[in-house]
Amino acid sequence: MAEKHWWTMLSPTKTWNVKSLILSPPLIGAFDTLVHLPGLWQDIKIGSFHRLLSMNCIEEHLRYLNRIRDFWFALLPTEELQSRADAKSVRYFELRAPNNTTDLTDLGLLLENGTIFPNLEYGERADVYGRLIEAQKHTLLIPTLRSFLDNLIYLEPAYRIMNSLLEPADKSIYVRMRTAFVGAKTLRVESPDGFIERGVATPSRIFLSGYRQLWLYCLRNFPDMTDMSPKKQNRLSKKACPARGSKIASWHKLAVLATELGFQTDCITTYLKIDPEKDSAREYLQAFSQIPIPEEYVQRVATVLKEIFAFPQPRTANLVPSDANNEAVQRSTQ
């Protein structure tokens, strides 16, 4: 009866979210490991899980959830300590960097005066600070369930792009990309000047390196490749498909990158056939004319564009100060 009453309190959307989550034992298992940490859950709403369930990239989801588990279990190693972790204290830790002097000092002072984990004794908080220092070795930014769900907002457009490289299927992005990997002889890393050969490596390592580089490309370029606007309330279409000239160029570059890294699919082959300069030239010329532009003129402008793009591009200066303490550096777990 209690369970039936609980279900009746959920909206149709939330009911779908919960039932869909139940159908994914790996995700359920990952979330179950965190139930002893009530402070992680206070800011979480069932309605926010729709984005998680709409993306078929469970390997990435589980990797993040396991990072949450590893950090908080190391910081609070017993269930008794975990049960006393309040939501306010968890928020103080969220996305702080243990290897950053300012963050570490701030957290140390808050632990010392009892602002963080007021339910713990002074000696217990001192032990927590000692374990936080240890976390410097393997934790860049401190993850929470809230940061996990927030990051999905940025992962979604990249997921749409990655998914567009593959044929529709029920399998995850990782599994389908693994199938699409035809191999490469050496480990290659993208750089502003092309690719850097990093020597011979195992096929598994070459695949993982290429797979991650494709994700990074999608995360860097999704504004040019989708109509999605993360963090805006009125976000536009979620479709990820080549459309206008600038978008076509980005899709062509992605296909070239995927091929260079050893991936091959019919969709990638289709994007490789795109002539981005020609399409950009046609779009530009058509903006000044109401009648079809002769192909000869389109080809002339495309040739000029190719010559311009062939010039060496100046390096972009690093305008972000190297000092990690600078408050202008926005924290992100991407």
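Definitions and limits used
Per chain, the residues get numbers from 1 upward, laid out in the order the sequence is written. Note on the predicted model: pLDDT of at least 70 is required for a residue's local features to be given, and 80 or more for side-chain atom pairs to be given and counted; whole-chain, interface and lining totals, by contrast, use all residues. Where side-chain values are given, they derive from all heavy atoms of the structure, hydrogens and water being excluded. The secondary structure listing takes helices from DSSP runs of H or I that are at least 4 residues long and strands from runs of E that are at least 2 residues long, numbered from the N terminus. Each accessible area is a Shrake-Rupley result for a 1.4 Å probe, and residues are judged covered by the shown protein chains and nothing else. Under the scheme applied here, a residue whose accessible area is under 20% of the maximum for its type counts as buried, over 50% as exposed, and between as partly exposed, the area being computed with a 1.4 Å probe on protein chains only. Directions pointing from the helix axis toward each C-beta atom define the arc. The salt bridge definition used is simple: a Lys or Arg side-chain nitrogen within 4 Å of an Asp or Glu carboxyl oxygen. Comment: axis = line fitted to C-alpha atoms, over the contacting stretch for helices; angle = value between 0 and 180 degrees taken between N-to-C directions. If an angle is under 35 degrees, it is roughly parallel; if it is over 145, roughly antiparallel; if it lies from 65 to 115, roughly perpendicular; otherwise it is oblique. The contact definition used throughout considers only heavy atoms, calling two residues in contact when any of these lie within 4.5 Å. Note that Gly is not counted as nonpolar here; it falls among the polar residues with everything else outside the nonpolar set of Ala, Val, Leu, Ile, Met, Phe, Trp, Tyr, Cys and Pro and the charged set of Asp, Glu, Lys and Arg. Values of pLDDT, ranging from 0 to 100, describe the predictor's confidence in every residue of the model. In this scheme, a helix's expected span is set at 1.5 Å multiplied by one less than its residue total. Residues belong to one nonpolar core when they are buried, are Ala, Val, Leu, Ile, Met, Phe, Trp, Tyr or Cys, and are joined through side-chain atoms within 4.5 Å. Think of it this way: a Phe, Tyr or Trp ring, Trp meaning its six-membered ring, pairs with another when their centres are within 6.5 Å, and the plane angle makes it stacked under 30 degrees, edge-to-face over 60, tilted otherwise. Positive charge is attributed to Lys and Arg, negative charge to Asp and Glu, and no charge count is given to His or to the chain ends.

Quick question: what am I supposed to make of the overall build of the protein chain here?
From N to C terminus, the protein chain includes 16 helices and two strands. About 19,400 Å² of surface is accessible on the protein chain, with carbon and sulfur atoms providing 56% of the total.

Please explain helix α15 (residues 276-286) as it appears in this structure.
For an α-helix, the turn length of 3.6 residues means that residues three or four places apart are oriented alike. The set of residues buried in α15 consists of Pro-276, Glu-277, Ala-281 and Leu-285. All buried residues of α15 project into a common sector of 155° when viewed along the axis, lining one side.

Would you explain the pattern of salt bridges in this entry?
Any two side chains of opposite charge can pair, given that their charged atoms come close. Counted under the stated rule, the structure contains twelve salt bridges. Each of Asp-43, Arg-91, Glu-94 and Arg-146 takes part in salt bridges that share partners, so that together they form one network.

What is the right way to look at the packing of helix α5 (residues 58-75) against helix α9 (residues 122-134) in this model?
When two helices pack together, their arrangement is given by the angle between the helix axes and the distance between those axes. Taken N-terminus to C-terminus, the directions of α5 and α9 make an angle of 140°; their axes are 8 Å apart at the nearest point. Considering their axes alone, α5 and α9 lie oblique with respect to each other. Packed against α5, whose contacting residues are Phe-71, Ala-74 and Leu-75, the element α9 presents Val-128, Arg-131 and Leu-132 at the interface. Taken together, the residues of the contact of α5 with α9 sort by class into five nonpolar, no polar and one charged.

Would you explain the confidence of the model for the protein chain in this entry?
In regions of low pLDDT, the predicted coordinates are not meant to be interpreted in detail. On average, the protein chain scores 84 in pLDDT, and the residues at 70 or more come to 86%. The least confident element of the protein chain, judged by mean pLDDT, is strand β2 (residues 194-197) at 70; the most confident is helix α7 (residues 87-93) at 97. Contacts of residues 315-329 to residues separated by more than four positions or lying in other chains number seven contacts, the stretch itself having pLDDT below 50.

I would appreciate a short explanation of α5 in the present structure.
With 18 residues, α5 extends 26 Å from end C-alpha to end C-alpha; this agrees with the ideal 26 Å at 1.5 Å per step. Along α5, the positions that sit buried rather than exposed are Glu-60, His-61, Tyr-64, Leu-65, Ile-68, Phe-71, Trp-72 and Leu-75. Axial view of α5: buried residues confined to an arc of 130°, hence all on one face. Looking at the buried positions of α5, the neighbouring elements they touch are α3 (25-32), α4 (50-54), α7, α9, α10 (145-164) and α12 (203-225).

Explain the nonpolar core to me, please; I cannot follow it from the model alone.
Considering soluble globular proteins, one finds that nonpolar side chains tend to be buried as a cluster. In this structure, Trp-72, Phe-117 and Phe-263 are the most contacted members of the largest nonpolar core, which totals 72 residues. Those residues in contact with Trp-72, other than ones at most four positions away along the chain, are Leu-37, Leu-40, Val-90, Phe-93, Phe-117, Ile-142, Pro-143 and Thr-144. Membership of the second largest hydrophobic core comes to five residues, among which are Ala-281, Leu-285, Ile-293 and Ala-302.

Could you clarify how one ought to interpret unusual backbone geometry in this entry?
Residues other than glycine predominantly adopt negative phi, and peptide bonds predominantly adopt the trans conformation. For Leu-95, which is not a glycine, the phi torsion comes out positive at approximately 60°. Tracing the chain through its elements places Leu-95 in the loop between α7 and α8 (101-112). What makes Leu-95 buried here is its relative accessible area of 16%. Of note in this structure, Phe-117 is not a glycine but carries a positive phi near 50°. Mapped onto the elements, Phe-117 comes out in the loop between α8 and α9.

Quick question: what am I supposed to make of the packing of aromatic side chains here?
Any pair of aromatic rings gets described here by the distance separating the centres and the angle formed by the planes. On inspection of all chains with the given rule, the structure shows 15 aromatic pairs. Centroid distance Trp-72 to Phe-93: 5.5 Å. Interplanar angle 75°. Geometry classified as edge-to-face. Of the two residues, Trp-72 is situated in helix α5 and Phe-93 in helix α7; the sequence distance between them amounts to 21 residues. When sorted by exposure, Trp-72 lands in the same class as Phe-93, which is buried. With a centroid separation of 6.3 Å and an interplanar angle of 90°, the aromatic rings of Tyr-211 and Trp-215 are classed as edge-to-face. Taken as a pair, Tyr-211 and Trp-215 lie in helix α12 at a separation of four residues, close to a single helical turn. By relative accessible area, which is 7% here, Trp-215 ends up buried. An aromatic cluster is present here, built from Tyr-174, Phe-181, Phe-207, Tyr-211, Trp-215 and Phe-263 joined pairwise through their rings.

Help me understand the side chain of His-61, please; the structure alone is not making it clear to me.
Inspection of the secondary structure assignment puts His-61 in helix α5. In this structure, His-61 is in contact with Leu-27, Leu-52, Met-55, Phe-148, Leu-152 and Leu-155, ignoring residues within four places of it in sequence.

Can you help me understand the side chain of Arg-176 in this one?
Within the secondary structure, Arg-176 sits in helix α11 (residues 173-180). For the buried Arg-176, which has no salt bridge, the nearest side chain bearing the opposite charge is Glu-167, at an N-O separation of 8.2 Å. Setting aside residues no more than four positions away along its own chain, Arg-176 makes contact with Asn-163, Leu-166, Glu-167, Pro-168, Ala-169 and Lys-171.

How do you make sense of the environment of Pro-98 when you look at a structure like this?
Here Pro-98 shows up in the loop between α7 and α8. A relative accessible area of 1% means that Pro-98 is categorised as buried. With 37 residues separating them in the primary sequence, Pro-98 and Ala-135 have C-alpha atoms 6.6 Å apart. Here Pro-98 is in contact with Leu-104, Leu-132, Ala-135, Gln-136, Thr-139, Leu-140 and Ile-142, once residues within four sequence places are set aside.

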